[in-house]
Amino acid sequence: MGADLKNRQLLKETAHEMVITAGGRSLEEAVGNIFQTMRKQIFKEFDRPIIHMEAKEVYFDEVTVKKEIEKFLFFFMPREKFYYVIKTRVVVDVKYLDVTKEDL
C-alpha cells in the first residue's frame, strides 16, 4: 500500500449530471433502459471504485411516443403497438473511493 494512502480519507462524493436518451416498448421499459444506461455510463466516466450511486434529480426533456397498428394477415385482429423514446437529464450523487491502480 502506498504511504500516501495510509490514514487518508478516501471516500469522496460528487454530483454528476448527464443526458441520456433511451427507448422501450412501454414506459417502464424505457425508464429501466435509461437507468441501465446511466449506470454503465457512470462506470465508464469514473475510473475509480464506485461505492454508491443515487439519482437526485430526473427531468424528462423530450418524450416521443410512436404508435403503430399491427394486423394479422393485413386485415385481422388489429392491435396497437407503442414505442417510447425519452430524452432525460439526470443528476446523480456518486460516492467513490479516491484511489487508482497507480496509487497502490
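Parameters at a glance
Residues numbered from 1 in each chain as written. Predicted model: local features only at pLDDT ≥ 70, side-chain atom pairs only at ≥ 80, totals over all residues. Heavy atoms only, no water. Helix = DSSP H or I, 4+ residues; strand = E, 2+ residues; numbered from the N terminus. Rg over C-alpha atoms; globule rule 2.2 N^0.38 Å. Buried < 20%, exposed > 50% of the residue type's maximum accessible area, 1.4 Å probe, protein only. Contact = heavy atoms within 4.5 Å. Areas by Shrake-Rupley, 256 points an atom, 1.4 Å probe, with all protein chains shown as cover. Phe/Tyr/Trp six-rings, centres within 6.5 Å; stacked < 30°, edge-to-face > 60°. Lys NZ or Arg CZ within 6 Å of the ring centre and 35° of its normal. Expected span 1.5 Å × (residues − 1). Pairing = 2+ DSSP bridges. Axes fitted to C-alpha atoms, helices over the stretch in contact; angles between N-to-C directions.

Caption draft 1: Structural view of the overall build of the protein chain. Within the protein chain one finds one helix and three strands. Counted from the first residue to the last, the protein chain has its helices and strands arranged as β-α-β-β. Computed over the C-alpha atoms, the radius of gyration of the protein chain is 21 Å, more than 25% above the 13 Å expected from 2.2 N^0.38 for a compact globule of 104 residues. Projected onto the principal axes, the alpha-carbon positions of the protein chain cover approximately 75 × 25 × 15 Å. Put simply, the protein chain has 104 residues, and 25% of those count as buried. If you take every contact in the protein chain between residues at least 6 apart in sequence, the share linking residues at least 24 apart comes to 73%. When the accessible surface of the protein chain is summed, it comes to about 7,800 Å², and 53% of that surface belongs to carbon and sulfur atoms.

Caption draft 2: Structural view of the packing of aromatic side chains. In total, this model carries one aromatic pair according to the counting rule given. Ring geometry for F46 and Y96: centres 5.4 Å apart, planes at 55 degrees, overall tilted. On the criterion of sequence distance, the pair formed by F46 in the loop between α1 (27-45) and β2 (50-72) and Y96 in strand β3 (residues 76-97) is long-range, its members being 50 residues apart. For the pair formed by F46 and Y96, the shared burial category is buried. Positioned over the ring face of Y59 is R89, at 4.4 Å from the centre of the ring.

Caption draft 3: Broad picture of α1. Spanning 19 residues, α1 covers 27 Å between terminal C-alpha atoms, matching the ideal 27 Å at 1.5 Å per step. As for α1, its buried residues are in contact with β1 (11-24), β2 and β3.

Caption draft 4: Structural detail: the pairing of β3. Looking at chain direction, β1 and β3 are connected through 14 bridges and run antiparallel. Note that in β3 the partner of I20 across the bridge is T88. Looking at chain direction, β2 and β3 are connected through 19 bridges and run antiparallel. Bridge pairing links M53 to V94 in β3.

Caption draft 5: Looking closely at the sheet that holds β3. In space, the three strands of this open sheet follow the order β1-β3-β2, with antiparallel pairing throughout. Of all the strands in the sheet, just β1 and β2 have a single pairing partner and so form its edges. When strand polarity is set aside, the average angle formed by the axes of neighbouring strands in this sheet is 15 degrees. On top of the sheet, α1 reaches β1, β2 and β3; it is set at about 140 degrees to β1, its chief contact.

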